[in-house]
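# A look at the structure
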Amino acid sequence: MATVLPFSGSNTDKQVLSRYLDIPQPDRTVQVEYVWIDGTGVGIRSKCKTMDFEPQSPKDCPVWNFDGSSTGQSEGSNSDMYLHPVALFPDPFRMGNNKLCLCDVYKYNDLPAETNHRHTCLAAMEMVKSSRPWFGIEQEYILLDSDGHPYGWPKNGFPGPQGPYYCGVGANKVYGRDIVEAHYRACLYAGIKIAGCNAEVMPGQWEYQVGPCEGMEMGDHLWIARYIMDRVAEDFGVIVTLDPKPITGNWNGSGAHCNYSTIAMREKDGLRHIEEAIPKLEKRHKTHIKGYDPTDGADNARRLTGLHETAHIDAFSAGVANRGASIRIPRQVAADNQGYLEDRRPSSNCDPYRVTELLVRTTILDETD
Ligand code: ADP
Ligand code: MN
Ligand code: MN
Ligand code: MN
């Protein structure tokens, strides 16, 4: 179990805060929170800038910079990194005209930072535009208490075995619903295409889905949804972990199933296009596994054991309604003879830009290794 030092950073009185947030915000001041992915490829950072007009698109927001030596992103003595605004959302925390501004990161020499996978994803999505690729990602995560212990678990032991918790109701079955509810509403306010949420199999584990999103929108919306989740949890003094298997033993890990379709798959008799994609995915299984977590498959090796509704990391498989397969064709899709496939391999801490890029390169651009 991860050891995290107890913290008290968010234990301030929110009623006192509300007194200050009631101070009217002067006209022609807009707080724009620049959000970016740090050098770990998992962590999210942000900092705020006052603008004197309300930006309508990311193009209205100036390029900014930050100290890469403090985020694991700089090279040698060149610590200045550039933030290029790419997507803009209403800010559910400050509300009003204030914005969240998603950025991708460039180095001093204008090359993309090592963890900037948006850059190549964009190139791929431009090439496959006419195929209208749609994605829906199911983001699973686990809530931890400030001491690193799963949220709501007894401090000196374990809760009862898995079974009653998935989609559960009741104080003895679900832990942390307040955080889930707050996140959902905040995402709706921000314009995130959040599709739903549910309590998961491990107590303290939850899922929300984002999608269907076309092309770049998948990565952009999921990263902002993750940012909002971290902020909401911060307010409640709880930690969100995207580690795919924080608790070893007979407890489910967390994934980020990626549901995927092209226009041909969605149209009448599109099932044959789904079936055509499967051997292509099988041939490139190792490459996909390498891109489906931030550690070239090491994180996912802890999760994809062949148990707990996963397929073993080394064995590609596909099947209708099979939740023990790498690729699942939902039963309804088989019945309708059209729809989408579900790639169950991505880890909860995957970068959605990498996952969606790999899917279109392998299945539409027919790239091989
Ligand atoms: P599961 O049964 O695996 O738990 P969920 O209901 O949690 O599935 O998630 C299904 C996801 O699939 C949703 O995010 C939804 O937006 C997405 N989805 C639905 N139709 C399509 C489609 N045609 N192409 C891509 N994604 C889709
Ligand atoms: Mn789901
Ligand atoms: Mn799930
Ligand atoms: Mn799923």
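Reference entry: report on the structure contained in this document. (Residues numbered from 1 in each chain as written. Chains lettered and ligands numbered in written order. Predicted model: local features only at pLDDT ≥ 70, side-chain atom pairs only at ≥ 80, totals over all residues. Heavy atoms only, no water.)

With that settled, consider the site of ligand 1. If you check the shell around ligand 1, you find 16 residues, and the closest are E138, E207, G211, S261 and E342. The separation between an oxygen atom of ligand 1 and a polar side-chain atom of E207 is 3.0 Å. Here an oxygen atom of ligand 1 and a backbone polar atom of G211 are 3.2 Å apart. Considered on its own, ligand 1 offers 590 Å² of accessible surface; in the complex 77% of this is hidden by protein. Elements with a contribution of two residues or more to the shell around ligand 1: β6 (134-144), β8 (205-214) and β10 (256-261). (Near = heavy atom within 4 Å. Polar contact = N/O pair within 3.5 Å; in protein donor to acceptor, adjacent residues only side chain to side chain. Areas by Shrake-Rupley, 256 points an atom, 1.4 Å probe, with all protein chains shown as cover. Helix = DSSP H or I, 4+ residues; strand = E, 2+ residues; numbered from the N terminus.)

Attention now goes to the coordination of the manganese ion (ligand 3). At 2.1 to 2.3 Å from the manganese ion (ligand 3) lie its protein donor atoms, namely E140 (OE), E200 (OE) and E207 (OE). Here the donor residues of the manganese ion (ligand 3) share one chain and are spaced in sequence as E-x59-E-x6-E. A distance of 3.8 Å spans the gap from the manganese ion (ligand 3) to the manganese ion (ligand 2), which E207 bridges by coordinating each metal. Separated by 60 residues along the polypeptide, E140 in strand β6 and E200 in the loop between β7 (194-199) and β8 bring together distant segments of the chain. Look at E200 and you get buried, because its relative accessible area is 7%. (Donors = N, O, S within 2.8 Å, 3.2 Å for Na, K, Ca; no water. Buried < 20%, exposed > 50% of the residue type's maximum accessible area, 1.4 Å probe, protein only.)

Time to look at helix α10 (residues 352-363). Here α10 spans 16 Å end to end across 12 residues, near enough to the 16 Å set by a 1.5 Å rise per residue. Extensive coverage of α10 is indicated by the burial of 11 of its 12 residues. When α10 is considered as a whole, its buried residues turn out to be P352, Y353, V355, T356, E357, L358, L359, V360, R361, T362 and T363. One side-chain oxygen of the residue at the start of α10 lies 2.8 Å from the amide nitrogen of Y353, identifying that residue as D351. (Expected span 1.5 Å × (residues − 1).)

The next subject is unusual backbone geometry. Glycine aside, residues mostly have negative phi angles, and peptide bonds mostly take the trans form. With an omega of -5°, the peptide bond between G211 and P212 qualifies as cis. Inspection of the secondary structure puts P212 in strand β8. Even without glycine at this site, M95 takes up a positive phi of about 55°. Mapped onto the secondary structure, M95 falls in the loop between β4 (80-90) and β5 (99-106). Even without being a glycine, D366 presents a positive backbone phi close to 55°. Locating D366 in the fold gives a position in the segment after α10.

All right, on to the coordination of the manganese ion (ligand 2) then. For the manganese ion (ligand 2), the full set of protein donor atoms is E138 (OE) and E207 (OE), at a range of 2.2 Å. Using a relative accessible area of 14% as the deciding quantity, one classes E138 as buried. We classify E207 as buried; its relative accessible area is 4%.

This paragraph deals with the packing of helix α4 (residues 217-236) against α10. A packed helix pair is summarised by two numbers, namely the angle formed by the two axes and the spacing between the axes. Where α4 contacts α10, the two axes come as close as 8 Å, and the packing angle between them is 160°. Relative to α10, the element α4 lies roughly antiparallel. The two elements α4 and α10 cross, and the hand of that crossing is right-handed. Judged by residue contacts, M218, G219, D220, L222, W223 and R226 of α4 engage P352, Y353 and T356 from α10. Of the residues that constitute the contact of α4 with α10, the class distribution is 5 nonpolar, 2 polar and 2 charged. (Axes fitted to C-alpha atoms, helices over the stretch in contact; angles between N-to-C directions. Parallel < 35°, antiparallel > 145°, perpendicular 65-115°, else oblique. Left-handed = near helix turned anticlockwise from the far one by under 90°. Contact = heavy atoms within 4.5 Å. Nonpolar A, V, L, I, M, F, W, Y, C, P; charged D, E, K, R; others polar.)

Treat this as a map of the structure, not an account of what it does.
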